[in-house]
Amino acid sequence: MFEKAYAKINISLDVIGQRPDGYHDLDMLMAPVGLYDALSMELAPETTFRNDAHMPYNEKNTIRKAIELMRAEFGFTAQFRILLSKHIPFLAGLAGGSSDAAAAMRLVNRLVGLGLSEKRLAALGQKIGSDVPFFFQGRCARVTGLGEQIAPFDLPRGYDVLLIKPARGVSTKWAYQNVDLQKCAHPDIASVQHAFIAHEPLAGLLGNSLEQPAFIQLPQIADIEKRCRQAGFDQVLMSGSGSTVFVLTEPGTDMSGLMALMDRDQQFVYRTQIIQ
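Residues numbered from 1 in each chain as written. Predicted model: local features only at pLDDT ≥ 70, side-chain atom pairs only at ≥ 80, totals over all residues. Heavy atoms only, no water.

Asker: Quick question: what am I supposed to make of the environment of Asp263 here?
Answerer: Summarising the element assignment, Asp263 is placed in helix H8 (residues 256-263). Between the C-alpha atom of Asp263 and that of Pro213, which follows or precedes it by 50 residues, the distance is 25 Å. (Helix = DSSP H or I, 4+ residues; strand = E, 2+ residues; numbered from the N terminus.)

Asker: How do you make sense of helix H7 (residues 220-230) when you look at a structure like this?
Answerer: Each α-helix winds once per 3.6 residues, and so residues spaced three or four apart point in a common direction. When we look at burial in H7, the residues that qualify are Ile221, Ile224, Glu225, Arg227 and Cys228. Down the axis of H7, the sector holding all buried residues measures 165°, keeping them to one side. Pointing more than 90 degrees away from the buried face of H7 are the exposed residues Lys226 and Gln230. The secondary structure elements touched by the buried residues of H7 are strand S7 (160-165), helix H6 (211-217), strand S8 (236-238), strand S9 (245-249) and H8. Among the residues trailing H7, Gly232 stands out with phi positive, at a value near 105°. (Buried < 20%, exposed > 50% of the residue type's maximum accessible area, 1.4 Å probe, protein only. Arc of directions from axis to C-beta. Contact = heavy atoms within 4.5 Å.)

Asker: What is the right way to read the pairing of strand S3 (residues 48-51) from this model?
Answerer: In summary, the side chains of a regular strand alternate between the two faces of the sheet. Sheet topology note: the S3/strand S4 (residues 79-85) ladder contains four bridges and is parallel. Bridge pairing links Arg50 to Leu83 in S4. Each parallel crossover has a hand, and for S3 linked through helix H1 (residues 62-74) to S4 it is left-handed. (Pairing = 2+ DSSP bridges. Right-handed = clockwise from strand over helix to strand, strands pointing away.)

Right under this line is the structure:
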């Protein structure tokens, strides 16, 4: 069986504050994009894991986390032959690991015949990571709390997206540990959502609180954004905790010049679209 594990971008992200337990309350818009990892699983005498990205099958592997969480929860003994074709870059702010986990949960659900609803899978996925529940929606959503409160919404007309990632990444854990809530951006998420749905100008509205620490650790992110704006594209933002920058445009916009410019010195440049 096969699943596409789609990446996401954060159209905007506000870190509202820190809870007593150390976690942060968030308010953000998330959108799935057409870039995906391809995950195949089938029943087998013993579990094996093959991939093209040199990923170990250890306790940090989100696919393994997903399988073992479900095994502990439901007591099945099934083993799996797992094949992952990895396209979403690591440490990118695109939630590739979380999406892989959600895809694995869907496949286990079908292969073992658990019959779980998407809602039940999403609740379980929260134990793996805060982004995992989003990937059981399959469309744009406003996400709040720790990531568990998800309000999907329709996008009547899509956007094209250019993803640009430098060679280095940013650790999500480090970004949240180092965000300065007094200095970082706090975008008006309701206003961003309205403009995003209506295809009104977003340039003065987009914001991501986590750019503040990310720009300190990796100034190249800010430089990429600056170069995109100099090339005439003003709907530009870092996704998640970085280090990917995205450019949001109307469908069919010519971005060939910007792609050629970025291809010369960035590790990853990929044109895609928001999935509706």
